[in-house]
Amino acid sequence: MTFVTLSNAPARLSRPVMGSVALSVIVAVYLVFLTNRTFWAKAIDYLGVPSFAVVLMAIGLVALFSAVCITVSVKYLTKPFFIFLVMAAAVSSRFMDHFGTIIDVDMIRNAAETTGSEAGHLLTAGFVTHVAVFGILPSVLIAAVRIQHRPFPQKLMWNTTLVLSCLAVFVAVGLANVRTLAATTREHRDLMATLNPVAPIVSVIRYVRASGDEKDLIVQPLGTDAHVVAPTASGHPRVTIIVAGETARAENFSLGGYGRMTNPKLAARGVRYFSDTSSCGTATAVSLPCMFSIYTHASYTHQKGRETENLLDVLTHAGIKAEWWDNNTGSKGLATHIAYTSFSDINDPRFCINHECIDAVHLDRLGSWLDNVKGDSVLVVHQIGSHGPGYYQRYPDALRRFTPDCRTPELGNCSHDEIVNAYDNTMLYTDHVLSEIIDMLKARQDKMSGQMIYMSDHGESLGEHGLYLHGAPYFIAPSQQTHVPFILWQGQEAKAGVNAACLDAKTSEPQSHDNLFHTVLGMMNVATKVYDPALDVIASCRAAS
């Protein structure tokens, strides 16, 4: 490297001069070793230390990254491309290293569909510092370098030789290590999913391509034959409130045996708690559409969900009024054909700060809504629930029972106990909200046949296995992200038509998001060809069965 002085500038503006190949190799080494802490931690864990396999992997990746960087080291493209790689790696490594996040297509989709207020909880001082050190600073250094390029014919020959040599090294190292790498990546599929910035960039490309394919989707009708079989014995309208929970994990529900009393009010209200329930995904953008879809977890895809009508459409075909109240990031396209209210858009200052509201905002309007019910109705209440990392913002001070609680979204500044305390306070608040909904339904039993069903969309990691938040690929997701609470409450009239002992026995059997679609149809006494009684948790226990 040499330094030159610009002819018309003072000496203090001297800039380093570097060949394009040298800069390419430096950038490659930087990316491989300084933005891949999570990848190397996993590699060392899976392959062991000292390990010749790890050394070979490092040599191979440096060779591969160098080949890519040298390939694009042409005039006018080198700096923008290198800065893009460095910035992408810096942002991705922040979430990988601090939260254990794997940035796959579903995570990109979840990020793309989030709100500004939700994203703001992740854009902390720690995030800014990390990106400044690992992204902006090296980008400035790259921008400051004056790159020397060989004459084009010479550059083409020289770079081609180097690229082929690097690829030969990569292949040779791979062949020398093929058995170990094949066995490791087959058993630990999360390893290559954390290679930065390759995995995140590939995920973004796949997401953009999938989004483009979905633009011309034509939604197919579902359950157009749906109809209500018969009115209630009392003649009162059936009213079911579906509470779509957010980030509640079953592990912290005292109804399921958790040591702390996080569900005292629900325990006093005779609810049925299904203790072994699995989610369809680990992020809202996946789980929520899947919950309301006719497809099971095994057959669901994002495209299938988008191109097929959902539970709310089938209810509408049956003549039932369906409505969606949202206190989260939207209905993910589920409420396209029904009445929809976004409380974050209303931003009521009694419950909301900067368009982010606590779930009491639902309770404020629910009584009036119930009093104006004229016929069979289903209301979806989409909570903000326990969404992190700002758990402390999800509950009022009156229910701040477990202390000291983490009072910042920067979880790295809190102890594990403080994080758990804040999260458990959100559980306690969800207990309060659900109990209030039950009490409002119970108070109107002389006017309606009311029921409530609650399912969380996914769970949450609070530091177990080094993971925080949610969104892990399902194939490696821990139980904390997939084991979710599922609650059913029935009013007197609905309860009278069910064998209590039979339904009690069902609460210990495995259930999942697959059950929501068919259980709600059964609760509303809807007949249609798309209804499957085997997936209705109540069907076999109804008196008429």
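1. Things to note about the state of the cysteines
- For the coordinates displayed, the defined rule picks out four disulfides.
- Here Cys-280 engages in a disulfide with Cys-290; their sulfurs sit 1.9 Å apart. Because the sign of the S-S torsion sets the handedness, a value of about 65° for the bond joining Cys-280 and Cys-290 places this disulfide among the right-handed ones. Here Cys-290 lies in helix α12 (residues 284-291) and Cys-280 lies in the loop between β7 (277-278) and α12, a separation of ten residues in the sequence.

2. Structural notes on the packing of helix α3 (residues 52-71) against helix α8 (residues 152-176)
- Two elements in contact, α3 and α8, have axes separated by 8 Å at closest approach and are oriented at 155°. In terms of their interaxial angle, α3 and α8 are classed as roughly antiparallel. When you trace α3 past α8, the crossing you get is left-handed. For the pair formed by α3 and α8, the contact residues are Leu-56, Met-57, Ile-59, Gly-60, Ala-63, Leu-64, Ser-66, Ala-67, Ile-70 and Thr-71 on the first element and Asn-159, Leu-162, Val-163, Cys-166, Leu-167, Val-169, Phe-170, Val-173 and Ala-176 on the second.

3. Points about the pairing of strand β16 (residues 486-490)
- A large share of β16 lies buried, amounting to five of its five residues.
- Sheet topology places strand β13 (residues 449-456) next to β16; five bridges connect them, and they run antiparallel. Its bridge partner lying in β16, Gln-451 is registered against Gln-490.

4. A look at the environment of Ser-203
- On the secondary structure map, Ser-203 appears in helix α10 (residues 198-214).
- Classification of Ser-203 as buried rests on a relative accessible area of 6%.
- Once residues within four sequence positions are removed from consideration, Ser-203 is found in contact with Ile-103, Asp-104, Val-105 and Ile-108.

5. Things to note about the nonpolar core
- One finds Leu-366, Ile-437, Leu-441, Met-452 and Ile-487 to be the most contacted residues of the largest nonpolar core, which totals 56 residues.
- Secondary structure elements with two or more residues in this core: α4 (78-99), α7 (125-144), β5 (238-245), α16 (360-371), β12 (377-382), α17 (416-442), β13 and β16.
- Looking at which element gives the most residues to this core, the answer is α17, with 13 residues.
- The contacts of Met-452, once residues within four sequence positions are left out, are Ile-241, Val-243, Leu-434, Ile-437, Ile-438, Leu-441, Ile-487, Leu-488 and Trp-489.
- Counting 38 residues, the second-largest nonpolar core is a separate cluster that includes Leu-311, Ile-320, Val-380 and Met-523.

6. Here we look at the pattern of salt bridges
- What the rule picks out here adds up to 19 salt bridges.
- Of the charged contacts in the structure, one is a salt bridge between Asp-397 and Arg-407, with a shortest N-O distance of 4.0 Å. Residue Asp-397 is located in the loop between β12 and α17, and its partner Arg-407 is located in the loop between β12 and α17; the two are separated by ten residues in the primary sequence.
- Residue classification places Asp-397 among the exposed positions, given a relative accessible area of 57%.

7. Let's talk about unusual backbone geometry
- At the junction of Gly-388 and Pro-389, the peptide bond is cis and its omega measures out at 5° in the coordinates.
- Looking at the element boundaries, Pro-389 is found in the loop between β12 and α17.
- Cis peptide bonds are those with omega within 30 degrees of zero, and the linkage from Thr-403 to Pro-404 qualifies with -5°.
- With respect to the helices, strands and loops of the structure, Pro-404 is situated in the loop between β12 and α17.
- The backbone phi angle of Thr-247 is positive, close to 60°, even though this residue is not glycine.
- Tracing the backbone shows Thr-247 in the loop between β5 and α11 (264-267).
- Judged by its relative accessible area of 0%, Thr-247 falls in the buried class.

8. Topic: the packing of aromatic side chains
- Applying the stated rule across the entire model yields eleven aromatic pairs.
- Ring geometry for Trp-325 and Trp-369: centres 6.3 Å apart, planes at 75°, overall edge-to-face. Of this pair, Trp-325 sits in strand β8 (residues 321-326) while Trp-369 sits in helix α16, and the two are 44 residues apart along the sequence.
- Note on Tyr-391 and Tyr-423: the rings are 5.6 Å apart at their centroids and 90° apart in plane angle, and the pair reads as edge-to-face. Taken together, the residues Tyr-391 in the loop between β12 and α17 and Tyr-423 in helix α17 connect sequence positions 32 residues apart.
- Accessibility expressed as a relative area gives 1% for Tyr-391, which makes it buried.
- For Tyr-423, a relative accessible area of 0% puts it in the buried group.
- It is Arg-189 that lies over the ring of Phe-475; its NZ or CZ is 4.0 Å from the centre.
- Over the ring of Tyr-423 we find Arg-249; its NZ or CZ atom is 5.9 Å from the centre of that ring.

Conventions we followed
- Residues numbered from 1 in each chain as written.
- Predicted model: local features only at pLDDT ≥ 70, side-chain atom pairs only at ≥ 80, totals over all residues.
- Heavy atoms only, no water.
- Disulfide = S-S within 2.5 Å.
- Helix = DSSP H or I, 4+ residues; strand = E, 2+ residues; numbered from the N terminus.
- Axes fitted to C-alpha atoms, helices over the stretch in contact; angles between N-to-C directions.
- Parallel < 35°, antiparallel > 145°, perpendicular 65-115°, else oblique.
- Left-handed = near helix turned anticlockwise from the far one by under 90°.
- Contact = heavy atoms within 4.5 Å.
- Buried < 20%, exposed > 50% of the residue type's maximum accessible area, 1.4 Å probe, protein only.
- Pairing = 2+ DSSP bridges.
- Core = buried A, V, L, I, M, F, W, Y, C linked by side-chain atoms within 4.5 Å.
- Salt bridge = Lys/Arg side-chain N within 4 Å of Asp/Glu carboxyl O.
- Phe/Tyr/Trp six-rings, centres within 6.5 Å; stacked < 30°, edge-to-face > 60°.
- Lys NZ or Arg CZ within 6 Å of the ring centre and 35° of its normal.

In short, geometric facts, not functional conclusions.
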